[in-house]
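# An overview of the molecular structure
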Amino acid sequence: MQRPPPEDFLLKETKPHLGGGKVTGDKLTGTYDLVEQMQYLYVRVVKAKDLPAKDVTGSLDPYVEVKLGNYKGTTRHFEKKTNPEWNQVFAFSKDRMQASTLEVSVKDKDVVKDDFVGWVLFDLNEIPKRVPPDSPLAPQWYRLEDKKRDKGRGELMLAVWMGTQADEAFPEAWHSDAATVRGTDGLANMRSKVYLSPKLWYLRVNVIEAQDLMPSDKGRYPDVYVKAILGNQALRTKSSQSRSINPMWNEDLMFVAAEPFEEPLILSVEDRVAPNKDEVLGRCAIPLQYVDRRLDHKPVNTRWVNLEKHVVLEGEKKKEIKFASRIHLRICLEGGYHVLDESTHYSSDLRPTAKQLWKHSIGVLELGVLNAQGLMPMKTTDGRGTTDAYCVAKYGQKWVRTRTIIDSFTPKWNEQYTWEVFDPCTVITIGVFDNCHLQGGDKAGGPRDSRIGKVRIRLSTLETDRVYTHSYPLLVLHPNGVRKMGEIHLAVRFTCSSLLNMMHMYSMPLLPKMHYIHPLTVSQLDSLRHQATQIVSVRLSRAEPPLRREVVEYMLDVGSHMWSMRRSKANFFRIMNVLGGIIAVGKWFDQICNWKNPITTVLIHILFIILVLYPELILPTIFLYLFLIGVWYYRWRPRHPPHMDTRLSHAESAHPDELDEEFDTFPTSRPADIVRMRYDRLRSIAGRIQTVVGDLATQGERLQSLLSWRDPRATALFVIFCLIAAIVLYVTPFQVVALLAGFYVLRHPRFRHKLPSVPLNFFRRLPARTDCML
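Throughout this description, residue numbers start from 1 for each chain and increase along the sequence as written. This being a predicted model, a pLDDT of at least 70 is required before a residue's local features are given, and a value of 80 or more before pairs of side-chain atoms are given or counted; all residues contribute to the totals for chains, interfaces and linings. Only hydrogens and water are set aside; all other atoms, that is, all heavy atoms of the structure, feed into the side-chain values.

Going by an unreviewed UniProt entry, the chain carries the name C2 domain-containing family protein and comes from Tripterygium wilfordii. Listed in UniProt under the heading Subcellular location (unreviewed entry), the comment for the chain reads: "Membrane". UniProt positions are given in the numbering used here, feature names are shortened, and annotations may be inferred rather than shown by experiment. Its UniProt record, at the heading Sequence similarities (unreviewed entry), says of the chain: "Belongs to the MCTP family."

Next up, the structure:
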C-alpha cells in the first residue's frame, strides 16, 4: 500500500459565497454566479469644455486626475486644447477605499509643477448603484470648482457609479491597484483578455512527377528530389528511382498551415550533383488561398505547375526568370482532420478543421477563477519578494487571461468565463503565471513570465449541473524536487443541453473519420504537432497584449514527450497497479485450489458444477456480477475532480540525479561528443518506450474506470448495458450466442467497416489516470 500524499498536496472542497448568495440548491442563477461579487467605484471621464487658459502663452495642456484616498489615476494629457475628450474609465476596489470623498481634478501639464484648473467632489454615500443588465449610466456635465468651493470656469462630463466586476466597463478600466504600473504597455499587459487560436489546416502535397528537366550536366543521370517549404517547415521527397529527366515520386508531404494564409508553398526541384552540392533545376510558389479544400477522402484533381529558374545573362549581371519545365502535383487543404496542437492525453478540442463537419454543441462549461492563496515570491522588487499573478485558461480554440493582480500573494480575480462543449471527453487547462512585463520590456530576449502552476480538469469526470468549488494545489517540479507554489480556488460547472446527445457521444469515434480512413503515421503526427504548437505560440504572441510563447508552450505541454526516468518509473508502477488486480485474482484462485478456506472451495465447486451442467448461465452470471459490483461501488464514487498526484508521478521520491537528468538540456550538456551521441540516443529510445508503457497503462486504467464512476455517464451506460446483456443472454440459448459471436468475429471483409466499432469508441473515451500525472 502506498502512503497517502501530504495534506498540502490534496484537493480541498470549499464553500465560497458565490454570486452574491443567489444559490438554489446546487444550481446558481444570474450573471457572474460562479464567483464572489466584488464592489467597485467606477468613474468615467468623458470630456471637458470651456477650460480657462493657465500658461503665460494663453494655452492649456489639460489632463484629469481621479483621486480616492491614497489611490490616484490620471488620464493622458492633450497639448494646447481647451475642449479635450478622454473617455477613460477608472475603477477603485471597495475593499481598499480609505476615504469618504472622491476628487476629480482637472490640471494643466507643466514642466515644473502642474497647475490646478478646477475639481468636482463626490460624497461616496451619495453615489448610485448600477447592476447589469441595466443600461450604462449617462454621463453629466459638472461645473468645475476651485479650492474654495467657488464655481470656476469650465465644465467636466462625468459618470460615477458603484458596480461589480460584471460591469461592461470592468475589462478596459484603469484599476486602483495598477497605480505603480508605468506606461500604456504595462497597463495593457495587466488587463483581462480573450484570445482565439488561429484556424489550423493540414496541407497535403502529393508530388507525382516532373517533365523534361534541364540539368546543367547532360552527360550524367540526374539524382533528383523535390524540396517543399512552408514558413519555417521544410520537407523533401526521396530521390527519384527513375534517374532520368522525367522523374517520378508519387510521395505525400504534410504541412500545418494557419489562416490567414500569409506565406506561399515554395517547391523546388533539385539535383544532387555531388555529396554536398545540390543544383536547383526549377522552383515555383503556390499561394494557399487558391488551393482546393476537401472534407472527405475523395481524391482532388491533379494539376501541372510551371517551374521557373533564374538565369544570369551572358556579359551582364542581370538575372532573368526562365521557364524550366513542369511538375505534376495533387495539393489540397485537409478539412476532415483535427489538427493536433495539444498533448493527446489532454485534448480540449477534437473537431475537424472544416466548420461544415462540426456537430451541434452538447453543453456549456463555465469556469469561475476566484482567488489564489499562499503564492510564493516569484521575483525581487526594491529588495523584497513580490508576485504579480494572472491566470490563463484554455479550452478548444478559446484562450482567456484574467487581469494581473499587482504585488499580492493572495490575489482575488473573481472572473467568470464560458465555453461551448462539443465532446465531454475533453480537458480544460488552467495555468497561473507571474507577470514580468508590467514596466514595459516587451523586447525579444527580455524577461519571461514565470510559471506558478497548472490545473487540468476532465469534463467527463464532472457531474452535470453541479457546481464544483475546490482549492487546487499548484504543484511544479523543479530540479531540486516537487514544490507547492500555492493554491488556486476555482468554481466549475458543466451544463448539458441534452443527456441523450451526450450519451450518444460515447459511441462515436474520438477523432474525425479521416484519422481512421487515411491515418497519419506516428512520426508524422509528432512532427505536425510540433509545427502546430509553434504556429499557435507565434500567432498568440503577436496579439495585443501578447500571450507569450512561454505561457502557450506550458499550457500546450510542449516537451512533455522528453525522456524522464521519473516518468518511466511512474508509468511502470501504473502498469503494476493495473496488473495487481489480475495477480490478486490469481492468488485467490491458488488459495481455492489449495483448500485454504474449505467452505469457499466447496461453494466454488458447486458453482463450477452448475455452470458446466448449464453453460448458458456463464455469461449472464458474469454480467450480473459486474452490474452488482458497479451498483455497489456507486456509494464510493469520487465526489471531486481528479488532480495531479505527486506519489503517482513519483515526484516526491525522485533521486536528485534523476531530476538533474530530467532538467538537463536536449541534446545533453555533457562535454564529450561520444557521450552526447550515446546519451541522446538512449534518451530518445527510452522516450518512445516511456510513451508505449504509458499507453499500455492507460488502456488498463480505462478498464478499471468502467465500474469506478470516475466518468458517471460512462459507468451508468456500462452498468445498464450489463443488466440488459444479462437479461438477453439469460433468455437466449448459449449455443446461438456462441455461433453468432463466432460468425461475427469471422465475418467477410466486405462486412467490415473502416471506422472503429461502437464498443471500441466507448472504451477509448473512458478516463485514465493520465489526468493526475504531473
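Let's pick the thread back up.
### Observations regarding the overall build of the chain
Each helix is a run of H or I in the DSSP string that is no shorter than four residues. Each strand is a run of E no shorter than two, and both are numbered from the N terminus. When you go through the chain residue by residue, the secondary structure sums to 13 helices and 32 strands. With respect to the principal axes defined by its C-alpha atoms, the chain has extents near 105 × 95 × 55 Å. Think of it in three bands: residues with accessible area under 20% of the maximum for their type are buried, residues over 50% are exposed, and the middle band is partly exposed, with areas taken using a 1.4 Å probe on protein chains only. In the chain, which comprises 774 residues, the proportion classed as buried is 48%. As displayed, the chain offers around 40,100 Å² of accessible surface, 57% of which is attributable to carbon and sulfur atoms. This count recognises Lys and Arg as positive and Asp and Glu as negative, with His and chain-terminal groups excluded. A charge is said to be at NZ when it belongs to Lys, at CZ for Arg, at CG for Asp and at CD for Glu. Positive and negative charge centroids in the chain, built from 104 and 87 side chains respectively, lie 4 Å apart. Each accessible area value is a Shrake-Rupley result obtained with a 1.4 Å probe; residue values ignore everything except the protein chains displayed when judging cover.

### Overview of unusual backbone geometry
Here glutamate 259 and proline 260 are connected by a cis peptide whose omega angle stands at -10°. Within the secondary structure, proline 260 sits in the loop between β17 (248-258) and β18 (265-274). With omega at -5°, the peptide bond leading from glutamate 544 into proline 545 counts as cis. Mapped onto the secondary structure, proline 545 falls in the loop between α4 (522-541) and α5 (549-555). Its identity is not glycine, yet aspartate 407 carries a phi of approximately 45°, on the positive side. With respect to the helices and strands, aspartate 407 occurs in the loop between β27 (398-401) and β28 (412-421). A positive phi angle, close to 65°, is found at aspartate 465, a residue other than glycine.

### Observations concerning the sheet that holds strand β1 (residues 12-13)
Whether two strands pair depends on DSSP finding at least two bridges between them. Pairing is antiparallel across the open sheet formed by 5 strands, whose spatial order is β1-β31-β32-β23-β28. Of all strands in the sheet, those bounded by a partner on one side alone are β1 and β28. Pairing between strand β31 (residues 467-478) and strand β32 (residues 481-496): 11 bridges, direction antiparallel. Across the sheet, tyrosine 468 pairs through a bridge with valine 492, a residue of β32.

### Details of the nonpolar core
Note on terminology: a nonpolar core comprises buried Ala, Val, Leu, Ile, Met, Phe, Trp, Tyr and Cys residues joined through side-chain atoms within 4.5 Å. Ranked by internal contacts, the top residues of the largest apolar core, which has 63 residues, are Trp399, Ile488 and Leu490. Segment limits for the domains were obtained from an automatic or database-derived domain assignment. Here this core spans two domains, since at least three of its residues come from each of domain 2 (200-334) and domain 3 (355-556). Filtering out sequence-adjacent residues up to four positions away, leucine 490 remains in contact with Leu367, Gly368, Val369, Leu370, Ile430, Val455, Ile457, Tyr468, Thr469, His470 and Tyr472. Counting residues in each nonpolar core, the second largest holds 34 residues, with Val45, Ala48, Phe122 and Met190 among its members. In what follows, a contact means two residues having at least one pair of non-hydrogen atoms within 4.5 Å.

### A short note on the packing of aromatic side chains
Pairing of aromatic side chains here covers Phe, Tyr and the six-membered ring of Trp, requires ring centres within 6.5 Å, and sorts the geometry by plane angle: under 30 degrees stacked, over 60 edge-to-face, intermediate tilted. For the structure shown, the criterion picks out 18 aromatic pairs. Taken together, a centroid distance of 5.9 Å and an interplanar angle of 65° make the contact between phenylalanine 92 and tryptophan 174 edge-to-face. Linking phenylalanine 92 in strand β7 (residues 85-93) with tryptophan 174 in strand β12 (residues 174-175), this pair joins segments that are 82 residues apart in sequence. For the pair phenylalanine 92 and tryptophan 174, one class covers both residues: buried. Here tryptophan 632 and tryptophan 636 contribute two aromatic rings whose centre-to-centre distance is 5.4 Å and whose plane-to-plane angle is 65°, an arrangement assigned as edge-to-face. Through successive ring pairs, a cluster of aromatic residues spans Tyr40, Tyr42, Trp161 and Phe170. A ring is scored as having a charge over it whenever the NZ atom of a lysine or the CZ atom of an arginine sits within 6 Å of its centre and within 35 degrees of its normal. Seen from the ring of tryptophan 304, arginine 326 lies directly overhead, with NZ or CZ sitting 4.5 Å from the centre.

### Section: the pairing of strand β15 (residues 224-230)
A large share of β15 lies buried, amounting to 5 of its 7 residues. Where β15 meets β18, 6 bridges bridge the pair, whose relative direction is antiparallel. If you follow alanine 228 over to β18, its bridge partner there is leucine 267. Relative to strand β16 (residues 233-236), β15 runs antiparallel, the two sharing 4 bridges. By the bridge assignment, leucine 230 is partnered in β16 with glutamine 233. Connecting β15 to the antiparallel partner β16 that follows it, the hairpin turn spans 2 residues, and glycine 231 within it adopts a positive phi of roughly 65°.

### What about the side chain of histidine 515?
Tracing the backbone shows histidine 515 in helix α3 (residues 514-517). From its side chain, histidine 515 meets the backbone nitrogen of histidine 338 in a polar contact 2.9 Å long. The residues touching histidine 515, leaving out its near neighbours within four places in the chain, are Tyr337 and His338. Counted as a polar contact is a pair of N or O atoms within 3.5 Å, where, for protein atoms, one must be capable of donating a hydrogen and the other of accepting one, and residues adjacent in sequence contribute only when both atoms are in side chains.

### What about the state of the cysteines?
Covalent bonding between the sulfur atoms of two cysteines defines a disulfide. Two cysteine sulfurs form a disulfide in these notes if their separation is within 2.5 Å. Within this structure, the stated rule accounts for 0 disulfides. Residue cysteine 425 stays outside any disulfide, its sulfur separated by 13 Å from that of cysteine 496, the closest cysteine. Relative accessible area serves as the criterion here: at 7%, cysteine 425 is assigned to the buried category. A disulfide-free cysteine, cysteine 722 has its sulfur positioned 18 Å from the sulfur of cysteine 425, the nearest such atom.

### Looking at the sheet that holds strand β30 (residues 450-458)
Spatial ordering of the open sheet is given by β13-β27-β26-β29-β30, a layout of 5 strands whose pairing is antiparallel. Sheet topology places β13 (193-196) and β30 at the edges, where each strand pairs with a single neighbour. On average, adjacent strands in this sheet sit at an angle of 20° to one another, irrespective of strand direction. In this sheet, β30 lies alongside strand β29 (residues 427-434) in antiparallel orientation, the contact comprising 8 bridges. Its bridge partner lying in β30, isoleucine 428 is registered against isoleucine 457. Angles run from 0 to 180 degrees between N-to-C directions of axes, and those axes are lines fitted to C-alpha atoms, restricted for helices to the stretch in contact.

### Here's the deal with the pattern of salt bridges
Each reported salt bridge corresponds to a side-chain nitrogen of Lys or Arg within 4 Å of a carboxyl oxygen of Asp or Glu. Applying the stated criterion across every chain yields a total of 35 salt bridges. In this structure, the salt-bridge partner of lysine 12 is glutamate 487, at a minimum N-O distance of 2.5 Å. Here lysine 12, found in strand β1, pairs with glutamate 487, found in strand β32; they are 475 residues apart in sequence, far enough to count as distant. Judged by its relative accessible area of 27%, lysine 12 falls in the partly exposed class. Assessed through its relative accessible area of 10%, glutamate 487 is described here as buried. Between glutamate 334 and arginine 294 there is a salt bridge whose closest N-O contact spans 2.8 Å. A residue pair is termed long-range when its members are at least 10 positions apart, and glutamate 334 in strand β22 (residues 319-334) and arginine 294 in strand β20 (residues 292-294) qualify at 40 residues. Side by side, glutamate 334 and arginine 294 carry an identical accessibility label, which is buried. The structure contains a network of salt bridges with shared partners spanning Arg204, Asp252, Arg294 and Glu334.

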